[in-house]
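Structure assessment
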Amino acid sequence: MVELGLNVPSLISYLINYIILLVLLGALAYRPLLNALDNRVGSIRESLAAADRAREEAATSRSAIEEELNEARREGQRLLDQAREAAERFREEEMDRARQSAEEFSERARADITRERDAAINEVRAAFGDLAITAAERIIRRTVDRQAHQELIDQVLAEGEQALRRN
Amino acid sequence: MTTKRVLLLIGAASAVLLIVGFVIGAVGSKMFGLEKGFLKQPAIHLEIQPVFPAATRDALLIAGYEKSKEKADSPASDSGQSEGKDDGGGKSKYLGIMEFAVTNTMLSAWLTSIIMLVFFIGGARKPKLIPGRLQALIEMLFELVLNFASSILGPEMGRRAFPVVATIFFFVLFNAWLAIFLIPIYQAIGFGFAGEGGPVSSDFAIKAHLLRPAGTDLNMPLALALVSFVFVEYWGFRSHRFGYLKKFFAFGDLLRGRPSGIINVFVGLLELISEFVRIVSFTFRLFGNMTAGEILVVMITFLVPFVATQFVFGLELLVGLIQSVIFAGLTLVFLSVAVSHEEH
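These lines cover the structure that appears in this document, whether it is placed above or below. Please read all numbers here as calculations on a predicted model, not as lab measurements.

1. Topic: the interface of chain B and chain A
Contacts between the two partners involve 54 residues from chain B, matched on the other side by 32 residues from chain A. Counting each side, the surface lost to burial between chain B and chain A is near 3,900 Å², with a carbon and sulfur contribution of 72%. It is Ile97(B), Thr167(B) and Asn219(B) in chain B that bury the most area against chain A; as a group they hold 15% of the surface buried on that side. The tally of links from chain B across to chain A stands at 2 salt bridges. Arg159(B) is paired through a salt bridge with Asp38(A); the nearest N and O atoms lie 2.8 Å apart. At the boundary of chain B and chain A, one finds 14 residue pairs in polar contact (both at pLDDT 80 or more). Secondary-structure elements contributing two or more residues to the side of chain B that touches chain A are α4 (104-124), α5 (133-153), α6 (155-181), α8 (219-240) and α10 (261-303) of chain B. Sorting elements by how many residues they give to the side of chain B that touches chain A places α4(B) first, with 10 residues. Residues belonging to the side of chain B that touches chain A are distributed by class as follows: 38 nonpolar, 7 polar and 9 charged.

Written out as structure tokens, the structure is:
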């Protein structure tokens, strides 16, 4: 084995060399770097979890905002409908009122016309009676019972009036 | 200058270098009938070579030189078996089994250790949340080994085994790769025995390099194998307490009077032997591969220098990686067998 180089002091020196390497690398390279790798894994895991949470929160808040928007849209629609309904109602009320006042006006006008016409007829009749009496007195030139004549005239006039109304 | 032109120039230079390398290499010299080649035939050393203290180094180099001279003088009488051994006549050219000296492989291991410490501690001592390039590279390397360990042992045990296995993995890898990346330094600096011509003569050749890859020293793989063995057995005991020994000393059935218990005893003994054989297999696998790689590099440099060696360097990079993965992987597999709670 000496020809192959077996030598106990060399062997021990390599063992010591290995142990020194193991201790120094273990303390100053392996442990710090593996701890750093573990910490990095931890921080990456935390960051991913935080990102997931943030994504979930964003999704939740987006759905809340959408819900609020929908609510606002529905509220707006409801208000619009109410306004439209109120406007419709107001329009109908105003139409009714206008129609009613037009009818009243027309009724009043019709009554006025009737009244004016009756008054005119009465006036014409009175004037026509006086005129007829005067004309008859002049034609006949005799004294007649004025009462009897008036009745006769009224009768004639009433007939005449009925004939007028029929026309 | 366009990239295409640069590539063409590099290709042409490589072709020229290949031809020149072929001509001045041992193959070309022989083909063209040159008596003495341009390059000296490299010597292969399996034994460790002390470089400090200088007295030990010089004594062994002189002993080696005298042995080779004796061999050259009387080739017929030398069967090769007695070479180097202290067979009464001369001094041994090998370092004694208990003799201490700083070897060139030991220096290489120290250099590798220093580079590893600077690289890893420099990049990982104060890690940042957003890593720089060096930290990212080291993180990637650590995660590769950690994932490898976790895939075999599970996350918890993988994490526990990581420091030991990662140190083995990186030590083997850095040792193998450093010798390739720093090959000019490894191959050019060394000590030689000048001989008659003196140190500046053309006869002078480096007999012991200042640095030699630590994998080519049997003691380095053996030390790692022992670390792996102790680590595996420690975790075996820690997981099963003394029940771990039942695997090796399975006398239960035999004591209960069952004749089939003999088989269990035999299997247990085989298991026990295989535990120790692992040390040998770990050692010689790494030592053999690293030494063969080194010899291949040296020989191809001697036969066809310059360009052809690049392919061998690539191959050696791959071999270094494979050996480190195998060493670390087998340690993990043996560990997983030792800590598993299955009945054997």
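2. Observations concerning the pattern of salt bridges
Residue and element names in this part refer to chain A. With the rule as written, the count across this model stands at 18 salt bridges over all chains. Residue glutamate 94 pairs with arginine 97 through a salt bridge whose shortest N-O separation is 2.4 Å. In this pair, glutamate 94 and arginine 97 both sit in helix α1 (residues 8-140), 3 residues apart, roughly one turn of the helix. When its relative accessible area of 32% is taken as the criterion, glutamate 94 is described as partly exposed. Ionic pairing is found between arginine 110 and glutamate 107, a salt bridge with its closest N-O pair at 3.3 Å. A residue pair is termed a helical-turn pair when its members lie 3 or 4 positions apart in one helix, as arginine 110 and glutamate 107 do in helix α1 at 3 residues. Bridged by salt links that share partners, the residues Glu67, Glu71 and Arg74 form one connected network.

Quick notes on the rules
Residues numbered from 1 in each chain as written. Chains lettered and ligands numbered in written order. Predicted model: local features only at pLDDT ≥ 70, side-chain atom pairs only at ≥ 80, totals over all residues. Heavy atoms only, no water. Contact = heavy atoms within 4.5 Å. Buried area = accessible area lost by both parts, 1.4 Å probe. Salt bridge = Lys/Arg side-chain N within 4 Å of Asp/Glu carboxyl O. Polar contact = N/O pair within 3.5 Å; in protein donor to acceptor, adjacent residues only side chain to side chain. Helix = DSSP H or I, 4+ residues; strand = E, 2+ residues; numbered from the N terminus. Nonpolar A, V, L, I, M, F, W, Y, C, P; charged D, E, K, R; others polar. Buried < 20%, exposed > 50% of the residue type's maximum accessible area, 1.4 Å probe, protein only.

Shape is all these values report; function is a separate question.
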